[in-house]
Amino acid sequence: MRADRRRATRFAFAFLMFGIKQAYACLFGGAMLGLILLTFLVWPEDAPVSRYDFLVVGAVLIQIGMLALKLESWAEARVILLFHIAGTIMELFKTAHGSWLYPEDSVLRIGAVPLFSGFMYAAVGSYIARVQRIFHIRVRGYPPVWTTWVLAGAIYVNFFAHHWLPDIRVALFVATALLFGQGWFWFTANRTRLRMPLLLGYFLVALFIWFAENLGTLGRAWVYPGQEAGWEMVSLAKLGSWFLLMIISVVMVSLVHRPEEEPR
């Protein structure tokens, strides 16, 4: 191919393919975010149903479409359902403690939590599951699976317990660094196998979720304290929370896609 003749063009083509594959991997999340922003911009005040209820129906249709078009397997969908359940439980708890709120009315909700919120966590699970297949990801130096489950459990509990007990997220960051710090993952963007430290990969995904969260709050899908009167950027402290959530996400997806060793 002509693109292979020069190093610059090889890099540019590989970077382009990387971007295309990433966009394809986050199809669920991208569709959800697009729906949130579109309805924020054009939703009529006299609509017969609430915007939040429309988002619930839209999220269900997106999920059905992903399965019908075989963009997700049923095994992946079952794990994504776990994301939905775990996320909804967290939403119920966090909204009750004022961590964030949903400012619009709806019928399809549990308490203060509209049902579309669980699909936002499911979108993260969908991305993690799909990106491993699309990029043919393999690892070296991945920690024993049981240790990752212990860490993920501690992270999830701390999301709740820090409201009453000391917040141990610094210790969780240290434990994450110790477990995953020697790990690398290999992936294929175009034809060449490339590699990246596991921790860097997790951080970059968390960073892009933080960007998406800013767009989500701009579209008033939910708001944090201080955003009720008008939008402002989400605190960088949330980036740490998303990084820890990434660890939970990777561990849950390992139920379907067990970490496979990159051949030497």
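Preceding this paragraph is the structure being described.
Residues numbered from 1 in each chain as written. Predicted model: local features only at pLDDT ≥ 70, side-chain atom pairs only at ≥ 80, totals over all residues. Heavy atoms only, no water.

1. Points about the overall build of the protein chain
So, point 1. Each helix and strand in the protein chain was counted, giving nine helices and five strands.
So, point 2. In sequence order, the protein chain lays out its α and β elements as α-α-α-α-β-β-α-β-α-α-β-β-α-α.
So, point 3. For the protein chain, whose C-alpha radius of gyration is 19 Å, the value lies close to the compact-globule estimate of 18 Å for 264 residues.
So, point 4. Considered along the principal axes of its C-alpha atoms, the protein chain spans approximately 60 × 50 × 35 Å.
So, point 5. Here the protein chain holds 264 residues, and 46% of them are scored as buried.
So, point 6. Residue pairs in contact within the protein chain that sit at least 24 positions apart in sequence constitute 72% of those at least 6 positions apart.
So, point 7. In the form shown here, the protein chain has an accessible surface area of approximately 13,900 Å², with 71% of it arising from carbon and sulfur atoms.
So, point 8. A gap of 17 Å separates the mean positions of the 23 positive and 16 negative side-chain charges of the protein chain. (Helix = DSSP H or I, 4+ residues; strand = E, 2+ residues; numbered from the N terminus. Rg over C-alpha atoms; globule rule 2.2 N^0.38 Å. Buried < 20%, exposed > 50% of the residue type's maximum accessible area, 1.4 Å probe, protein only. Contact = heavy atoms within 4.5 Å. Areas by Shrake-Rupley, 256 points an atom, 1.4 Å probe, with all protein chains shown as cover. Lys, Arg positive; Asp, Glu negative; His and termini not counted. Charge placed at Lys NZ, Arg CZ, Asp CG, Glu CD.)

2. Considerations on the pairing of strand β5 (residues 193-197)
So, point 1. The sheet contact formed by strand β4 (residues 184-188) and β5 spans five bridges and is antiparallel. Across the sheet, Trp184 pairs through a bridge with Pro197, a residue of β5.
So, point 2. Two successive antiparallel strands, β4 and β5, enclose a turn made up of four residues. (Pairing = 2+ DSSP bridges.)

3. Quick notes on the pattern of salt bridges
So, point 1. Across all of its chains, the model carries five salt bridges by this definition.
So, point 2. In this structure, Glu104 and Arg51 form a salt bridge, with 2.8 Å as the shortest nitrogen-oxygen distance. Here Glu104, found in the loop between α4 (74-96) and β1 (109-110), pairs with Arg51, found in helix α3 (residues 51-68); they are 53 residues apart in sequence, far enough to count as distant.
So, point 3. Arg169 is paired through a salt bridge with Asp167; the nearest N and O atoms lie 3.0 Å apart.
So, point 4. Asp167 gets classed as partly exposed once you look at its relative accessible area, which sits at 37%. (Salt bridge = Lys/Arg side-chain N within 4 Å of Asp/Glu carboxyl O.)

4. Structural notes on the side chain of Lys21
So, point 1. Mapped onto the fold, Lys21 is located in helix α1 (residues 7-25).
So, point 2. Notably, Lys21 is buried but unbridged: the nearest opposite-charge side chain belongs to Glu262, and the N-O separation is 13 Å.
So, point 3. Looking at Lys21, its side chain comes within polar contact range of the main-chain oxygen of Thr188, at 3.3 Å.
So, point 4. In this structure, Lys21 is in contact with Ile134, Phe135, Thr188 and Ala189, ignoring residues within four places of it in sequence. (Polar contact = N/O pair within 3.5 Å; in protein donor to acceptor, adjacent residues only side chain to side chain.)

5. Points about the sheet that holds strand β3 (residues 138-140)
So, point 1. The sheet built from three strands is open, its strands ordered β3-β4-β5 with antiparallel pairing. The sheet is open, and its two edges are formed by β3 and β5, each paired on a single side. Each strand of the sheet is rotated relative to its neighbour by a mean of 30°, with strand direction disregarded.
So, point 2. Bridging between β3 and β4 involves three bridges; their strand directions are antiparallel. From the neighbouring strand, Arg138 faces β4, where its bridge partner is Trp186.
So, point 3. Across the face of the sheet, helix α8 (residues 198-218) comes into contact with β3, β4 and β5 while running at roughly 85° to β5. (Axes fitted to C-alpha atoms, helices over the stretch in contact; angles between N-to-C directions.)

6. Things to note about the packing of helix α5 (residues 116-134) against helix α9 (residues 237-253)
So, point 1. The N-to-C vectors of α5 and α9 enclose an angle of 60°; their axes lie 10 Å apart at closest approach. Relative to α9, the element α5 is oriented oblique. Two packed elements cross with a definite hand, and for α5 against α9 that hand is right-handed. Facing Tyr121, Val124, Gly125, Ile128, Ala129 and Gln132 of α5, the residues of α9 in contact are Trp242, Leu245, Met246, Ser249, Val250 and Val253.
So, point 2. A breakdown of the residues in the contact of α5 with α9 according to their chemical character gives nine nonpolar, three polar and no charged. (Parallel < 35°, antiparallel > 145°, perpendicular 65-115°, else oblique. Left-handed = near helix turned anticlockwise from the far one by under 90°. Nonpolar A, V, L, I, M, F, W, Y, C, P; charged D, E, K, R; others polar.)

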